[in-house]
Amino acid sequence: MERREWNNQTFLMEFLLLGLGNAPELQTPLFLICLTIYTVTVVGNILIILLVVTDLHLHTPMYFFLVNLSSLETCYSSTILPRLLASFVTGNRTISFQGCMTQFFFFGTFATSECYLLAAMSYDRYLAICQPLLYAILMKWKVCLQLASGSWVVGLLISTGITSFISQQRFCGPSAIDHFFCEEAPLLELSCSDTRMIRVLIIILSFPDVVFPFLFTLASYICIIAAILRIPSNMGRHKAFSTCSSHLAMVVVFYGTLIIVYMLPRTAPLRQLNKVFSFFYTVLTPLINPLIYSLRNREVKGAL
C-alpha cells in the first residue's frame, strides 16, 4: 500500500474498497448482475432521451425534465458501476486518493443535482394540476432551462465544497473502506484528523444539499394530492393522478432509500444492511427510472 510521510506521520495514498463481499464464489454472479444492471440502465435511459428528442409530441416541460433526469441517472451509474465491474474482473480493489476524491465529487454532484431536479419536476406537476390555467404562462421554456441548469450548477457547487473539505483531511489508516464506492461516512472513519468541524460543516451543507429540495418536493405533493382529492369525479381524479404517478414513484424510491441509508447507525451489525440500501439508491434507482416511465406512461409507450 502506497503511503507518504508528512510531519513524522504516515498518510495513505491509496484505499482498499471492500466492495459487496469477499466470498470468491459470489464474484462471478455479482459481476453478471452488476453488468446487466449497468447495461439496462444506460440503454434504457439513452432510449428515453432519444424518444423525447425525436418525438415532437413529447416536446413538453415534463419530458424536458425527464431528459435531464435520464442524463443524470446515466452519469450517476457511471461514477460507480464501471469501477465496481473492473474490481470483479481484475480482483484489484485499490483506488488512489485522487481517484477516490474524484469519484466522491462526481457522485455528490449528480446526487445533489437529482434532488433539485426532482424538486423542479414536482413544481412542474404542481403547476399542471393546481394551476392549469397559468401553466403555459409560468412554465415557459426559459423557466425550464433555468430550473434544469440550476439543478446541475447547485449540485456542482455543493459537491465542490464538501469534496474540498474532505480532501483536506489526513488519512493515516487503516486503509480499508467498508463500502463499494467512496462515500462520506466511511471516508471520515479513516481520518486521523479532528473531524468535528467538518462533520458540523457537512450537517450545515446537508440542508441545501438534501433537506430543502426534499421539503419543497414534499410540500408540492401535499398540494397536488389535496387538489386531486377535491376533484369530484373518479375519472378526473384518476386522470390527474396519472400525470404525476411516475414522478411520484421515482421520488418515493429515491428519497425512501436515501433516508434509510443516512438514518441507519453505522454500527458493525448494520453495515451490510447499509450497503444493501446504498446499492439500491445508487445502482437500482437509475435502473428503475426508465422502467417506471416506460411501463406507467402512455405517452412514452406510444412513442415506443
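Going by the structure above, here's the rest.
Heads up: these notes are all about the structure in this document. Given the structure is predicted, the values throughout are model-derived calculations rather than measurements.

A look at helix α3 (residues 81-90)
- Every buried residue of α3 is accounted for by Leu 81, Leu 84, Leu 85, Ser 87 and Phe 88. Looking straight down α3, one finds that the buried residues subtend no more than 155° of arc, so they occupy a single side. Residues of α3 that are exposed and point more than 90 degrees away from the buried face comprise Val 89 and Thr 90.
- Looking one or two places after α3, you find Gly 91, whose phi comes out positive at around 80°.

Quick look at the state of the cysteines
- Taken as a whole, this structure holds one disulfide when the rule is applied.
- A disulfide bridge connects Cys 100 with Cys 182, and the sulfur atoms are separated by 2.0 Å. Measuring handedness by torsion sign, the sulfur bridge of Cys 100 and Cys 182 sits at about -125° and is left-handed. Of this pair, Cys 100 sits in helix α4 (residues 97-130) while Cys 182 sits in the loop between β5 (176-177) and α7 (184-189), and the two are 82 residues apart along the sequence.
- Here Cys 100 falls in the buried class, since its relative accessible area comes to 0%.
- In this model Cys 34 remains outside any disulfide bridge; the closest cysteine sulfur is found in Cys 182, 16 Å from its own.
- According to the relative accessible area criterion, Cys 34 is buried, its value standing at 1%.
- Lacking any disulfide linkage, Cys 75 is separated from the closest cysteine sulfur, that of Cys 115, by 16 Å.

Focus: the packing of aromatic side chains
- By the definition in use, this model includes 16 aromatic pairs.
- Look at Phe 214 and Tyr 255: their rings are 4.9 Å apart centre to centre, the planes differ by 55°, and that puts the pair in the tilted class. Highlighted residues: Phe 214 in helix α8 (residues 196-229) and Tyr 255 in helix α10 (residues 245-263), separated in sequence by 41 residues.
- Relative accessible area serves as the criterion here: at 25%, Phe 214 is assigned to the partly exposed category.
- Overall, Tyr 255 belongs to the buried group, its relative accessible area being 3%.
- Taken together, Tyr 76, Phe 107, Phe 180, Phe 181 and Phe 279 form an aromatic cluster joined through their ring pairs.

Regarding the pairing of strand β3 (residues 14-17)
- Of the two faces of β3, only one is covered, namely that formed by Phe 15 and Leu 17; the face formed by Glu 14 and Leu 16 stays uncovered.
- Looking at chain direction, β3 and strand β4 (residues 94-96) are connected through three bridges and run antiparallel. Opposite Glu 14, over in β4, you have Ser 96 as the bridge partner.
- As judged from the two bridges shared by β3 and β5, these two strands associate in the parallel manner. Paired with Leu 17 across the strands is Ile 177, a residue of β5.

About the thresholds
Residues numbered from 1 in each chain as written. Predicted model: local features only at pLDDT ≥ 70, side-chain atom pairs only at ≥ 80, totals over all residues. Heavy atoms only, no water. Buried < 20%, exposed > 50% of the residue type's maximum accessible area, 1.4 Å probe, protein only. Helix = DSSP H or I, 4+ residues; strand = E, 2+ residues; numbered from the N terminus. Arc of directions from axis to C-beta. Disulfide = S-S within 2.5 Å. Phe/Tyr/Trp six-rings, centres within 6.5 Å; stacked < 30°, edge-to-face > 60°. Pairing = 2+ DSSP bridges.

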